[in-house]
Amino acid sequence: MKKEEKNNGVSLFSQSEYLLDQDPIEELFALNLGDFMAENLISEDLARKVGSSSKDKKSGLINQLKELISIYSLQNTLCVLSFDSSEEQAIYTSIAYSIKQMLEIQACHIYLEKNSELELVGTTSEGCGAETAKKAFVSRETVFEDVIAVPMHCNVKSVGAFVLETEKVINEKYLQLVETMAVLFATSMTLQQTIDEANKLIEDETSLVSDLQHIRAELTALIGDLCDYQQSFVEHLANAVDTKGGYKVSHSKNTANLARQICKQIGLNEKTTDLIYYAGLLQNIGKIALSEEVFATNGKLSPEDLQKIQEHSNLGVHLLMNINFLSEVVPYITYQKERYDGSGTPEGLKGQSIPFGSRIIAVSDAYSAMTSDRPYRKAMAVEKAVEIMQSESGVKWDPVVIQALAEITK
């Protein structure tokens, strides 16, 4: 491939003398960085460092590894997994209780591989299902026996298994959420282990260029997988929330899509639009921890159940704050129950003091709920829903957002 003319600029990612010693892996690494850069995951400065020539190949590789490690360490992926050994049992037990609560099952146990054996690291009761966990661990497939064992695995290896004790058939969407969670956790854990290995190579003055190239290839592959699995996790979480809430269609997806349309109608930039879209998918995330019975009462809720519903957004925000790659959407979800006149919750914010993303999600969520079938009522006609929301413009809703909704639904 020819070197580009100077007046056209230097391509950051084309194979050329700007790559280190015509290294084929360097080309792959550069292409991967091109993908990451397109997703706004790295800076242009880092990309230029990769594309520039270097007299010292080992030094160049070490710099690349340090940059990747600084971006993709666990505190920037799943901080819920960033803990020391003294906290391990408490953290995994907490995760097990969360899964038990979400699925409304008898018990959940978490096994991890340690010293070539599966060890129980978190449980909601006395551990069981160890043999079934081993089968899932080896096969990398969910195993259905007296218990259900979901493998924690990624493309590189298996790291453990979730074991679910239940006397009922688990809804497919809930099971898909647990399977996606297991893969995401396994990928994050494997990425951290690979980062630890990379740090050892960086500190070892005798490490070979080939070893550094190999660990770089492993890191970039895991990072690419992690991005895919994060997206899948968000989508499955939204689907599970809709199922728990009794929606016959994908309410979360409809809310998110409508929020995106409103953003475009108003003219928000792409970055903000994407964040609001994700917040739309996850704005009812707290419902995943509530019982299905709460949502199947034909609209007749006890004071206790009503309190649970009102507090569900707080549960969701707490969960999102422990998943760092979603942390930017937290403010939008935190304040989605505020009202434009200042009479909402949790802070009683008014008008422009409410984050714009929260105002858009609030309108999108309400409209989507009103125009969808629920267990206790039929969907409302589009015209009627818009008319009702327009009557509350400036009271419940931001007039600018309501105007955008009216224009979209004409």
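Presented here is an overview of the structure given in this document. (Residues numbered from 1 in each chain as written. Predicted model: local features only at pLDDT ≥ 70, side-chain atom pairs only at ≥ 80, totals over all residues. Heavy atoms only, no water.)

Some remarks on the pairing of strand β2 (residues 117-123)
No. 1: For strand β1 (residues 107-114) and β2, the ladder comprises 6 bridges, and the chain directions are antiparallel. Residue pairing across strands places His109 opposite Thr123, the latter belonging to β2.
No. 2: If you look at the hairpin formed by β1 and β2, you'll find 2 residues sitting between the two strands, and Asn115 has a positive phi there, around 55°. (Pairing = 2+ DSSP bridges. Helix = DSSP H or I, 4+ residues; strand = E, 2+ residues; numbered from the N terminus.)

Brief notes about the nonpolar core
Buried together is how nonpolar side chains tend to be arranged in soluble globular proteins.
No. 1: If you look at the biggest cluster of nonpolar residues, it comprises 83 residues, and the most contacted ones within it are Ile99, Leu103, Met152, Phe162, Leu164 and Met389.
No. 2: Ranked by the residues each element gives to this core, the list is headed by helix α6 (residues 172-203), at 16 residues.
No. 3: The residues contacting Phe162, other than those within four sequence positions of it, are Ile99, His109, Ile110, Ile148, Ala149, Val150, Met152, Val178, Ala182 and Phe185.
No. 4: Among the nonpolar cores identified, the runner-up in size contains 10 residues, and Ala133, Val143, Val147 and Ala161 belong to it. (Core = buried A, V, L, I, M, F, W, Y, C linked by side-chain atoms within 4.5 Å. Buried < 20%, exposed > 50% of the residue type's maximum accessible area, 1.4 Å probe, protein only. Contact = heavy atoms within 4.5 Å.)

Some words on the sheet that holds β1
No. 1: The strand order across the open sheet formed by 5 strands is β2-β1-β5-β4-β3, and the pairing between neighbours is antiparallel. Edge positions in the sheet fall to β2 and β3 (143-144), since each of these pairs with one other strand and no more.

Some thoughts on helix α13 (residues 382-391)
No. 1: Here α13 has its buried residues at Ala385, Val386 and Met389. Projected down its long axis, α13 shows its buried positions confined to an angular sector of 95°, all on one face. Set apart from the buried face of α13 by more than 90 degrees, the exposed residues are Glu383 and Ser391. (Arc of directions from axis to C-beta.)

Describing the packing of α13 against helix α14 (residues 399-408)
No. 1: Contact geometry of α13 with α14 gives a least axis separation of 10 Å together with a crossing angle of 160°. As summarised for this structure, α13 and α14 are arranged roughly antiparallel, according to the angle between their axes. The chirality of how α13 crosses α14 is left-handed. Listed contacts from α14 to Val386, Met389 and Gln390 of α13 are Ile402, Leu405 and Ala406. (Axes fitted to C-alpha atoms, helices over the stretch in contact; angles between N-to-C directions. Parallel < 35°, antiparallel > 145°, perpendicular 65-115°, else oblique. Left-handed = near helix turned anticlockwise from the far one by under 90°.)

Some points on empty space enclosed by the protein
Over the atoms, a rolling probe the size of a water molecule traces out where space has been left empty.
No. 1: The tally for this structure, following the rule as stated, stands at 2 cavities of 30 Å³ or more.
No. 2: By volume, the largest cavity amounts to about 50 Å³.
No. 3: If you trace the largest cavity, you find it lined by Tyr335, Gln336, Glu338, Tyr340, Ile354, Ser358, Arg359, Ala362, Lys396, Trp397 and Asp398.
No. 4: Looking at side-chain class alone, the lining of the largest cavity contains 5 nonpolar, 2 polar and 4 charged residues. (1 Å grid on protein atoms, 1.4 Å probe; cavity = no way out; pocket = protein on both sides within 12 Å on 5 of 7 lines; lining within 4 Å. Points joined across faces, edges and corners; volume = space filled by probe spheres on them. Nonpolar A, V, L, I, M, F, W, Y, C, P; charged D, E, K, R; others polar.)

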